[in-house]
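Residues per chain, in single letters:
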Amino acid sequence: MDINDLVRENIKNLKPYSTARDEFKGQASVFLDANENSYGSPLPANYNRYPDPLQLDLKDAISKIKGVPIENTFLGNGSDEAIDLLFRAFCNPGKDNVIVLPPTYGMYEVSANINDIEIRKVSLLPNFQLDMEKIAETIDQNTKLIFICSPNNPTGNSINREDIETILANFKGLVVVDEAYINYARQKTFIQELTEYANLVILQTFSKAWGLAALRLGMAFSSRKVIDILNKIKPPYNINQATQDLAFEALKNIDQVNDWIKESVAERQQLSDALNDLKIVTKVYPSDANFILVEVTDAIKIYDTLVGQGIIVRDRSKVTLCEGCLRITVGTKEENDHLLNVLKNIS
């Protein structure tokens with residue numbers, strides 16, 4: 001397939017904004033081109049110069065860990081920026097549509113509504129897997145994107161790999177596989193499939209396993225044509241220098257991150273087992289993420305009781321297929337023990 005056939009005509013013809021840092025290449029000691037404050041910053045470190053608009057040093061460090069070339073990598077202000085840019089690049093407002101698979105991450109629908117793109121919902125099956133027949137029936141010539149969250153939020157399960165591959169092989173638009181929680185999963189990432197599918201877009205993030213949610217740094221991996229389009233339409237300096245510097249330092253501590261992942265997975269199992277023993281819990285769903293979906297006897301009452309004890313979980317009881325459920329993030333051992341003690345008292 002030709003990615004250019006999916007791109008909006010105005011984006012094809014768009015002349016991107018040219019920054020001062022784009023126009024100059026090489027070494028210099030005096031920068032008088034970008035109207036910056038030449039005196040520095042009122043901080044211990046200087047942030048008076050605009051950052052690298054393509055974050056090449058940071059992408060190089062990421063590529064050494066992910067095994068993805070720089071030209072196949074996009075960095076955004078959280079994964080949400082990549083999601084929004086995909087709508088703006090490939091979906092014509094009032095004409096095109098995208099498919100989402102509820103229950104799933106709510107930002108897909110929000111971004112679609114902001115961009116005036118029709119949302120077509122195909123609910124997951126009761127086992128939280130894809131309804132392949134209904135998806136096929138829902139696709140038409142104006143369907144540009146299909147969003148698949150795996151492991152899925154809020155259900156926690158990984159989507160069957162064979163089903164995703166079937167969609168990739170047969171759908172003529174972009175398939176966006178959101179792997180925000182992939183570090184906690186038994187299923188391997190789809191990164192290895194990037195060279196096989198020109199229409200594959202993988203989203204990952206520094207907000208979960210990497211513990212950098214406050215920095216707002218997301219990753220998108222795809223074919224070079226898709227990445228070039230995202231870079232063409234993004235804000236000029238979408239990743240600030242402080243975020244680039246801190247993320248670069250964090251990447252040096254991958255052993256610490258891997259230790260936290262192992263600990264989180266072990267705590268996930270222990271927390272799941274303990275929740276299963278509580279009378280107020282009717283079902284604990286298997287999870288490949290750093291959270292657990294739990295069906296309880298009275299979700300709203302239990303949620304309010306936890307809030308009263310200073311414990312905040314997520315009430316998902318009004319979400320499709322999650323009726324009566326709370327979503328509980330796996331905390332530290334101390335946090336999990338505190339949660340369990342409060343729940344036992346409710347029982």
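It should be emphasised that the depicted structure is a prediction, and the values quoted were computed from it without experimental measurement.

(A) Examining helix 10 (residues 254–276) more closely. With 23 residues, helix 10 extends 33 Å between its outermost C-alpha atoms, agreeing within 8% with the 33 Å of an ideal straight helix rising 1.5 Å per residue. Val257, Ile261, Glu267, Arg268, Leu271, Ser272 and Leu275 are the residues of helix 10 that are buried. Contact partners of the buried residues in helix 10: strand 8 (281–284), strand 9 (291–296), strand 11 (325–329) and helix 12 (333–346).

(B) Representation of the sheet that holds strand 6 (residues 200–205) within the structure. Spatially, 1-7-6-5-4-2-3 is the arrangement adopted by the seven strands of the open sheet, whose pairing is mixed. Two strands close off the open sheet at either side, each with one partner strand: strand 1 (73–76) and strand 3 (118–121). Across the sheet, the mean angle separating the axes of adjacent strands is 25° when strand polarity is ignored. Where strand 5 (residues 174–178) lies against strand 6, four bridges are found, and the strand directions are parallel.

(C) Quick look at the sheet that holds strand 10 (residues 314–315). Strand order in the open sheet formed by four strands is 8-9-11-10, and the pairing between neighbours is antiparallel. Looking at strand neighbours, the two that pair on one side only are strand 8 and strand 10, the edges of this open sheet. One ladder, built from five bridges, connects strand 9 with strand 11; its direction is antiparallel. Bridging across to strand 11, Phe291 finds its partner in Thr329. Here helix 10 sits on the sheet and contacts strand 8, strand 9 and strand 11; the angle it forms with strand 9, its principal contact strand, is near 5°.

(D) Geometry of the packing of aromatic side chains. Tallied over the full model, the rule gives seven aromatic pairs. Aromatic side chains Tyr105 and Tyr108 sit 5.4 Å apart centroid to centroid with 90° between the ring planes, which places their arrangement in the edge-to-face category. In this structure Tyr108 comes out as buried when scored by relative accessible area, which is 0%. With a centroid separation of 4.6 Å and an interplanar angle of 15°, the aromatic rings of Tyr108 and Phe147 are classed as stacked. With Tyr108 in helix 5 (residues 107–114) and Phe147 in strand 4 (residues 143–149), this residue pair connects regions lying 39 residues apart in the sequence. Residue classification places Phe147 among the buried positions, given a relative accessible area of 0%. In textbook terms, an aromatic cluster arises when at least three aromatic residues are bridged by ring pairs, as seen for Phe87, Tyr105, Tyr108 and Phe147. For Arg161, the ring lying beneath its charged end belongs to Phe190, and the centroid distance is 4.0 Å. Seen from the ring of Phe291, Arg327 lies directly overhead, with NZ or CZ sitting 5.4 Å from the centre.

(E) Representation of the domain arrangement of the protein chain within the structure. Each domain of the protein chain was delimited in the assignment, giving domain 1 (3–251) and domain 2 (255–345). Measuring from the centre of the C-alpha atoms in domain 1 to the corresponding centre in domain 2 gives 29 Å. Of the residues lining the interface, 21 residues belong to domain 1; the matching set on domain 2 comes to 20 residues. Both sides together, the interface formed by domain 1 and domain 2 hides about 1,700 Å², and carbon and sulfur atoms give 63% of it.

About the cut-offs
- Residues numbered from 1 in each chain as written.
- Predicted model: local features only at pLDDT ≥ 70, side-chain atom pairs only at ≥ 80, totals over all residues.
- Heavy atoms only, no water.
- Helix = DSSP H or I, 4+ residues; strand = E, 2+ residues; numbered from the N terminus.
- Expected span 1.5 Å × (residues − 1).
- Buried < 20%, exposed > 50% of the residue type's maximum accessible area, 1.4 Å probe, protein only.
- Contact = heavy atoms within 4.5 Å.
- Pairing = 2+ DSSP bridges.
- Axes fitted to C-alpha atoms, helices over the stretch in contact; angles between N-to-C directions.
- Phe/Tyr/Trp six-rings, centres within 6.5 Å; stacked < 30°, edge-to-face > 60°.
- Lys NZ or Arg CZ within 6 Å of the ring centre and 35° of its normal.
- Domains from an automatic or database assignment.
- Buried area = accessible area lost by both parts, 1.4 Å probe.

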